[in-house]
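Breakdown of the fold
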Amino acid sequence: MGSISLRQVEKTYGAGARTFKAIHGVDAEIADGEFIVIVGPSGCGKSTLLRMVAGLEEISGGEIDIGGRVVNRLEPAERDIAMVFQNYALYPHMTVFDNMAYGLKIAKVPKDEIQRRVEKAAGILELGTLLQRRPRELSGGQRQRVAMGRAIVRQPAVFLFDEPLSNLDAKLRAQTRLEIQKLHRELGVTSLFVTHDQVEAMTLGQRLIVMNGGRIEQIGTPEDVYGRP
Ligand code: ADP
Ligand code: ADP
């Protein structure tokens, strides 16, 4: 359901004489339910690759397949994915409940279904008692969980994480990492997580995609990539 195939995926930025090839024909097969971390130095193309899977960046060549369906030409909303960003801008004037419900309201999901999904996500994320608060009345960690809640309620086949921890302090980063692990244990949703942080890659990834200079250098378990601790 949430399997992903990348087949000779390319990205060229710019046009005419001023072009830059950010991704050079990458291939990868990701199984349904896997937690994959895309790791590599700044500028190697991690974010570009993730954004192409999300449909936020046009693909210049090759094919991206999600759940057995080529998604190259589909809008983000049609791709059965949800993205968790680094800057998880919540709507400041809306309650936690409404922040989580907003996307579903736009998608015209029936009200009782919205209610059910938000309450379920709030249970998993321990936000059940905070649904009537506004973002300014929450801690940083609680806000981050609301941002994840917005992704969960959409019940996508794939979660995409674009360095969601990089703006957090060390304590909160560790806490949110555990939260994401718990989420994956409970929901088993295929996840692609981008980071430049080796600790995050080792602790979160079942397999790692190691990128460098717009190419995939290696795909393997944390032990394959970093050796045994
Ligand atoms: P990473 O996420 O690994 O830091 P990016 O995917 O953001 O890398 O960027 C990969 C390369 O593509 C970099 O050299 C970057 O400068 C370039 N790049 C990213 N976005 C654009 C853009 N909109 N226009 C031109 N070049 C870009
Ligand atoms: P609307 O008519 O604006 O769609 P509702 O009648 O569904 O809103 O709910 C009114 C407000 O009560 C919502 O804005 C939301 O903040 C809150 N709310 C609704 N359901 C719940 C719930 N199960 N738990 C907590 N708050 C809820």
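Here's what I pulled together on the structure shown here. Since the model is a prediction, treat every value here as computed from it, not as a measurement.

**Side note on the site of ligand 1**
- Neighbouring residues of ligand 1: Tyr13, Phe20, Ala22, Pro41, Ser42, Gly43, Cys44, Gly45, Lys46, Ser47 and Thr48.
- One of the backbone nitrogen or oxygen atoms of Gly43 is found 2.7 Å away from an oxygen atom of ligand 1.
- Ser47 is positioned such that a nitrogen or oxygen atom in its backbone is 2.8 Å from an oxygen atom of ligand 1.
- Taking 560 Å² as the accessible area of ligand 1 by itself, protein coverage stands at 58%.
- Secondary-structure elements contributing two or more residues to the shell around ligand 1 are strand E2 (18-30) and helix H1 (46-54).
- The element best represented in the shell around ligand 1 is H1, accounting for three residues.
- Counted by class, the shell around ligand 1 contains five nonpolar, five polar and one charged residues.

**Description of the nonpolar core**
- Ranked by size, the top nonpolar core spans 43 residues in total, and within it Val37, Met100, Val118, Phe159, Ile180 and Phe193 carry the most contacts.
- Among all residues touching Phe159, those that are not within four sequence positions of it are Ala82, Ala151, Ile152, Leu183, Leu187, Val189, Thr190, Ser191 and Leu192.
- If you look at the next biggest cluster of nonpolar residues, it comprises 28 residues, including Leu49, Ile64, Ile81 and Met211.

What counts as what
Each chain has its residues counted from 1, running along the sequence as written. Lettering of chains starts at A and numbering of ligands starts at 1, both following the order in which they are written. It should be noted that, the model being predicted, local features are given only for residues of pLDDT at least 70 and side-chain atom pairs only at 80 or more, the latter also being counted only at that level, while totals for whole chains, interfaces and linings use all residues. The basis for every side-chain value is the complete set of non-hydrogen atoms in the structure, without hydrogens or water. For this description, a residue counts as near a given molecule or strand if any of its non-hydrogen atoms is within 4 Å of it. For this analysis, a polar contact is any N or O atom pair within 3.5 Å, provided that within protein one partner can donate a hydrogen and the other can accept it, and provided that sequence-adjacent residues contribute only side-chain to side-chain pairs. With residues, only the protein chains shown are counted as cover, and all accessible areas are computed by Shrake-Rupley using a 1.4 Å probe. Each helix is a run of DSSP H or I of at least 4 residues and each strand a run of E of at least 2, with the numbering of both proceeding from the N terminus. For this classification, the nonpolar set comprises Ala, Val, Leu, Ile, Met, Phe, Trp, Tyr, Cys and Pro, the charged set comprises Asp, Glu, Lys and Arg, and every other residue, Gly included, is treated as polar. Here, the term nonpolar core denotes a set of buried Ala, Val, Leu, Ile, Met, Phe, Trp, Tyr and Cys residues that are joined through side-chain atoms within 4.5 Å. Residue exposure (1.4 Å probe, protein chains only): buried if accessible area is under 20% of the type maximum, exposed if over 50%, otherwise partly exposed. Here, residues are in contact when the closest pair of their heavy atoms is within 4.5 Å.

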